[in-house]
Amino acid sequence: MSVYLGLVFIEDSAANCGMKISGCHLAGLYPRSDQLFTVMKKYMRGTASRDELLAAVREESRDIVKIQKKAGMTVLIEGQLLWHDHFRPFSETITGMEPGPLTRWFDNNVFYKKPVIVGELSWNKPITTEYLVLEAVGDEAWKVVMPEPFTFASLSDNRHYARFDELVIDIAGIIAKELSHLEDVSRLVMAQLSGPVLVQRRLDGDSVELVRQGIEIIKKSFGGEVFLHTFFSDFSNALPWILDSGADLIGIDMTSTNMDGLSSYDIDRPIYVGIVDSRNSYVEPVEELVNAAQTLLDMLDPPSMHIGTSADLDFLPRPIADRKVMSLGVAYRDLRGE
Amino acid sequence: MTKLFPTQEVGSLLRAPFLKKMITEREILETEYWGRLLGVDGYERLVEALRAGRYVREELYDWASIFGIRFFESAGLDVVWDGEQRRVEMYEHPMRNIEGAVFYGRVKVWDTETYNKAAITSEPRLTRQIYLDEFLFAKKHATRELKVPVTGPYTLADWSFPEYHYAVHREAKSIMERKRLARRDLVLDLAVKVLRPVVKSLSEAGAKRIQIDEPAATTKPEEMELFVEAFNGVVSGIDAKFTLHVCYSDYTKLFPHVLELKMDEISIECANRDTHYPGLDDEKRRGYLILKMFREYGARFKIAPGVIDVHTDFIESPELVRDRLIYSAKLLGDPSLVIACNDCGLRTRRWEVAYKKELNLVEGARLAREAWEK
């Protein structure tokens, strides 16, 4: 890799690194502060009004955006503070889907309400705008985090569709329309599709094809970048098919992936590497992040690489998440030689 | 002959009415009602003190412990505890007594439910005995056998951030390997440096039964060997009967590792996954089918399948309890392996509901004994 300076190319490892590392962002939902949890609990108990809740969420969303801008994130997240889990806006809004029983979220001490599919699903009206504070991102480039359709269907309790593939396709259609709507009303430049199920085990050919179809449906409606992120399990479970899944950017949780398993593959797509552990309060020093990114770049040699957090940051207390974001931002600038 | 289907509880109970922040006439009347019903010696003095507003908070905890013990004893259980009246909950309570544990703020468990998750920022050490005082007090007041619940090392580690141990392994060959090593060290440190001294001191003080609570046991199946190593590291060579309590988990993940545990009993939640209909067929007793696996693997420890669901106000009839116990005994092929127990602690149920459940637990066990011995 080289740095272009006029007509002279300078071979330089750091410069090589700088050009290839082209993005830095957070992979998921941001944690709520203790204060916001208090307001939310009051709202649930009926001792705070909806207006009070929304005012607190607005203020905190603005703050989260401010922190990311200060840290130098290249694409912002809004925080998605009103999303109790990845599925909730959908299961609470779409006809034919209901929030079901509390279910463990992979191997975490965190639970989500399993979506229960009780009828045919379709997109009739905007779903997530009620759950987002779009004014917090204003006219900044931002990304939204939604479940990848195959993952969504796999983590639901399907009591209606005779065929699983039809459920995946319908969910993909809904997500596609929702993203298109958000693209119309804001500067949404990226859709992160969170797909932990894709790496939980090796998928069979039919499942892989369904994942591809889902992404294809989304890309037909959404003009922004599609970022397919995987986490909580070893990324090599999805190799090599995931490289040809149709996503523009493919995410790897480096806290759950054995690097040796990656080195034998030709990573010929832009990748995102989650090098900041979303599930540990240890704040990675800048030099550790820089070293981790450089090692991965040397080893995998992808066409370009984004860096960020391994998964949603809402496994952490809010003050720790803020510190991690700042450390990540400095590491990104160092890697870019800025 | 040993009593078949002995009864025991799992640990917690909703806090006594007089432990509420605001004590009004309602709480005083409730105290009077329960004091009389449970046969608490001298409860009138407590009621009088509450009425006059002349009490010290610490004394109220002592009273609560006595009420908790009498709650289970008067319901007729064979093995009892004080309902964990002095504990906030099962995680923060012990973590507050561990050097190196720092609380940065709350994290989500679901929706707006949170817990205060600790980071382990230095080598963990026990700063003071966590459960000893409450055991010594309970021992003085209990007339039945006691079982002390203790949160296990694997769960404490799994619910904490391994910050210090992660920092120690900065030379690991990858982030994933570093994380694995950090978790392993934290689990084993908590087992050997914190929980073992806790359990040892309880045993030395006369605790004959100790229950290790490990609700996180099966959440990371790839760590089951580590779980076993930690559990055995806590209990090996200590003179007490040990029960492992695991709830709301995928119990298939326990196998085959569970056979390596140095324990006398396992307590698991089953009623929550069962039907409410009496009967002995597989469909009605579907919550207990997992017991087949224990038999297939030749487990020889006792099993306490929960026959009382602690997450509903539905009161299990004695006949339902009986059938759950008999079905369990048939699946295991040996009634002497079965203990009549709740699914988990009763902290989420009102006392009147919890008490009816415990009365029926005892009566159901009696019916099962009668039916089996016929």
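Since the model is a prediction, treat every value here as computed from it, not as a measurement.

**Regarding the overall build of chain B**
No. 1: A tally of regular secondary structure across chain B gives twelve helices and eleven strands.
No. 2: Relative to a compact globule of 374 residues, whose C-alpha radius of gyration would be 21 Å, chain B shows 21 Å and is just as compact.
No. 3: Each of the three principal axes of chain B carries a C-alpha extent, and together these read 65 × 55 × 45 Å.
No. 4: Counting every position in chain B, which comprises 374 residues, the buried fraction comes to 61%.
No. 5: Restricting the contact set of chain B to residue pairs at least 6 apart, pairs at least 24 apart contribute 75%.
No. 6: Charge-centre separation for chain B: the mean point of 58 positive side chains lies 0 Å from the mean point of 60 negative side chains.

**Examining empty space enclosed by the protein**
No. 1: Under the definition given, this model contains two cavities of 30 Å³ or more.
No. 2: By volume, the largest cavity amounts to about 90 Å³.
No. 3: Lining the largest cavity are A:Leu29, A:His84, A:Asp85, A:His86, A:Trp105, A:Val110, A:Phe111, A:Tyr112, A:Asp312, A:Asp314, A:Phe315 and B:Lys108.
No. 4: Of the residues that constitute the lining of the largest cavity, the class distribution is six nonpolar, two polar and four charged.
No. 5: For the lining of the second largest cavity, the element with the highest residue contribution is strand 3 (residues 98-110) of chain B, accounting for three residues.

**Here's the deal with the sheet that holds strand 3 (residues 21-25) of chain A**
Residues and elements named next belong to chain A.
No. 1: As summarised here, the arrangement of the eight strands in space is 3-13-12-11-10-9-7-4, forming an open sheet in which the pairing is parallel. Whereas interior strands pair on both sides, the edge strands pair on one side only; in this sheet they are strand 3 and strand 4 (76-77).
No. 2: Across three bridges, the pairing between strand 10 (residues 225-229) and strand 11 (residues 249-253) is parallel. For leucine 228, the partnering residue across the bridge sits in strand 11 and is isoleucine 250.
No. 3: Across the face of the sheet, helix 9 (residues 205-221) comes into contact with strand 9 (188-194) and strand 10 while running at roughly 155 degrees to strand 10.

**Overview of the pattern of salt bridges**
No. 1: Enumeration according to the criterion identifies 60 salt bridges over all chains in this entry.
No. 2: Between A:Asp165 and A:Arg163 there is a salt bridge, with the nearest N and O atoms lying 2.6 Å from each other.
No. 3: When salt bridges that share partners are traced, they join A:Asp85, A:Arg88, A:Glu92, A:Lys113 and B:Asp111 into one network.

**Concerning the nonpolar core**
Note that soluble globular proteins tend to have their nonpolar side chains buried in a common cluster.
No. 1: Residues A:Ile307 and B:Phe294 are the most contacted members of the largest nonpolar core, which totals 236 residues.
No. 2: Counting residues per element, this core draws most heavily on helix 8 (residues 175-204) of chain B, at twelve residues.
No. 3: Beyond its immediate sequence surroundings of up to four residues, A:Ile307 is in contact with A:Ile21, A:Gly23, A:Cys24, A:His25, A:Tyr272, A:Val273, A:Ile275, A:Ala293, A:Leu328, A:Tyr332 and A:Leu335.
No. 4: Core analysis: the next-biggest nonpolar cluster, separate from the first, contains six residues, A:Ala27, A:Met190, A:Phe227 and A:Leu249 among them.

**Focus: the interface of chain A and chain B**
No. 1: Of the residues lining the interface, 38 residues belong to chain A; the matching set on chain B comes to 30 residues.
No. 2: Note on chain A versus chain B: buried area summed over both sides is about 3,100 Å², and carbon and sulfur give 54% of it.
No. 3: Ranking the residues of chain A by area buried against chain B places A:Asp107, A:Asn109 and A:Tyr282 at the top, with a combined share of 18%.
No. 4: Inspection of the chain A/chain B interface yields five salt bridges.
No. 5: The shortest N-O distance in the salt bridge between B:Lys108 and A:Asp314 comes to 3.1 Å.
No. 6: Summed over the shared surface of chain A and chain B, the number is twelve residue pairs in polar contact (both at pLDDT 80 or more).
No. 7: When residues of the side of chain A that touches chain B are traced back to their parent elements, those giving at least two are helix 2 (34-45), strand 5 (97-104), strand 6 (111-117), helix 10 (286-300) and helix 11 (318-336) of chain A.
No. 8: With five residues, the single largest contributor to the side of chain A that touches chain B is helix 2 of chain A.
No. 9: Among the residues forming the side of chain A that touches chain B, the class breakdown is 17 nonpolar, eight polar and 13 charged.

**Some details on the side chain of A:Ser281**
No. 1: Topologically, A:Ser281 is positioned in the loop between strand 12 (271-276) and helix 10.
No. 2: There is a polar contact of 2.5 Å between the side chain of A:Ser281 and the side chain of B:Glu163.
No. 3: Contact partners of A:Ser281, with chain neighbours within four places excluded, come to A:Leu316, A:Ile320, A:Lys324, B:Tyr104, B:Ala119, B:Phe161 and B:Glu163.

The rules behind the values
- Residues numbered from 1 in each chain as written.
- Chains lettered and ligands numbered in written order.
- Predicted model: local features only at pLDDT ≥ 70, side-chain atom pairs only at ≥ 80, totals over all residues.
- Heavy atoms only, no water.
- Helix = DSSP H or I, 4+ residues; strand = E, 2+ residues; numbered from the N terminus.
- Rg over C-alpha atoms; globule rule 2.2 N^0.38 Å.
- Buried < 20%, exposed > 50% of the residue type's maximum accessible area, 1.4 Å probe, protein only.
- Contact = heavy atoms within 4.5 Å.
- Lys, Arg positive; Asp, Glu negative; His and termini not counted.
- Charge placed at Lys NZ, Arg CZ, Asp CG, Glu CD.
- 1 Å grid on protein atoms, 1.4 Å probe; cavity = no way out; pocket = protein on both sides within 12 Å on 5 of 7 lines; lining within 4 Å.
- Points joined across faces, edges and corners; volume = space filled by probe spheres on them.
- Nonpolar A, V, L, I, M, F, W, Y, C, P; charged D, E, K, R; others polar.
- Pairing = 2+ DSSP bridges.
- Axes fitted to C-alpha atoms, helices over the stretch in contact; angles between N-to-C directions.
- Salt bridge = Lys/Arg side-chain N within 4 Å of Asp/Glu carboxyl O.
- Core = buried A, V, L, I, M, F, W, Y, C linked by side-chain atoms within 4.5 Å.
- Buried area = accessible area lost by both parts, 1.4 Å probe.
- Polar contact = N/O pair within 3.5 Å; in protein donor to acceptor, adjacent residues only side chain to side chain.

In short, shape yes, function no, at least from these values alone.
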